[in-house]
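Results of the structural survey
Here is how the chains run, residue by residue.
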Amino acid sequence: MAIAAATMTMTVAPAQALARYAQRRRERTRIELPAGDRFELLGEQLRTGTRMGKPGKHGVFEAVLAAHAGAVPVVMRTPEGERFQVDVMRRDPRGPTGVAETAHFALFIANRGDGKTPTDEAQAHAARALADWIAAREGQESPLELLSFRERHRAHPEGVFSLWS
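Residues numbered from 1 in each chain as written. Predicted model: local features only at pLDDT ≥ 70, side-chain atom pairs only at ≥ 80, totals over all residues. Heavy atoms only, no water.

Scanning the chain from terminus to terminus reveals three helices and eight strands. Starting at the N terminus, the α and β elements of the chain follow one another as α-β-β-β-β-β-β-β-β-α-α. Out of the 165 residues in the chain, the part that is buried amounts to 35%. When contacts within the chain are restricted to residue pairs at least 6 apart in sequence, those whose partners lie at least 24 apart make up 53%. (Helix = DSSP H or I, 4+ residues; strand = E, 2+ residues; numbered from the N terminus. Buried < 20%, exposed > 50% of the residue type's maximum accessible area, 1.4 Å probe, protein only. Contact = heavy atoms within 4.5 Å.)

End to end, helix 2 (residues 121–135) covers 21 Å across 15 residues, agreeing with the expected 21 Å (1.5 Å per residue, within 8%). Along helix 2, the residues classified as buried are Q123, A124, H125, A126, A127, A129, L130, A131, W133 and I134. Among the residues of helix 2, the N-terminal cap falls to D120, whose side-chain oxygen and the backbone nitrogen of A122 are separated by 3.1 Å. (Expected span 1.5 Å × (residues − 1). Polar contact = N/O pair within 3.5 Å; in protein donor to acceptor, adjacent residues only side chain to side chain.)

Here we take up the nonpolar core. A general feature of soluble globular proteins is that nonpolar side chains tend to end up buried together. Among the nonpolar cores identified, the biggest contains 28 residues, and L41, V74, L107, L130 and I134 are the most heavily contacted of them. At the level of elements, strand 1 (38–41), strand 4 (57–64), strand 5 (72–77), strand 6 (83–90), strand 8 (105–109) and helix 2 are the ones that each hand at least two residues to this core. When residues in this core are grouped by element, the largest group, seven residues, is from helix 2. (Core = buried A, V, L, I, M, F, W, Y, C linked by side-chain atoms within 4.5 Å.)

Further remarks concern the environment of I109. Inspection of the secondary structure puts I109 in strand 8. Overall, I109 belongs to the buried group, its relative accessible area being 12%. As for I109 and Q123, which are separated by 14 residues in sequence, their C-alpha atoms are 7.7 Å apart. Here I109 is in contact with F84, Q85, V86, V99, T119, Q123, A124 and A127, once residues within four sequence places are set aside.

Interpretation in functional terms is not warranted from these geometric data alone.
Written as structure tokens, this is what we have:
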């Protein structure tokens, strides 16, 4: 009887965890892509379709979304046209390190991974081009109130902040 009870517990626990995960996923607020073809980032106007970076290692800017959960989501495309999201967050010298960093910001690709998911090379090049664009425009202090990656994770431990959640 003890074996049957243990087996039942082992079967029920994963099912309950899956049900709790499904409920949390239903409760998430999906990030919506805003309309328009002009967006502002760090006081500068960006137009949808603007290329950033060197030929062959560039990204195409698509949109800046409203700050969400301590980050500014930026939607870009690779040269091949694949859409992806870069979260601009406050740089934390203690880490983790983003795929690209500036004096004030760390850029993370929202690939719904857990830190172990390999970063697509074209997306990394585009995020670095965005970081170069940002670095050329940032001043002595950050004009944005953002969270670091660790702070956001602490505030939203189960959060997935993606257009595709």
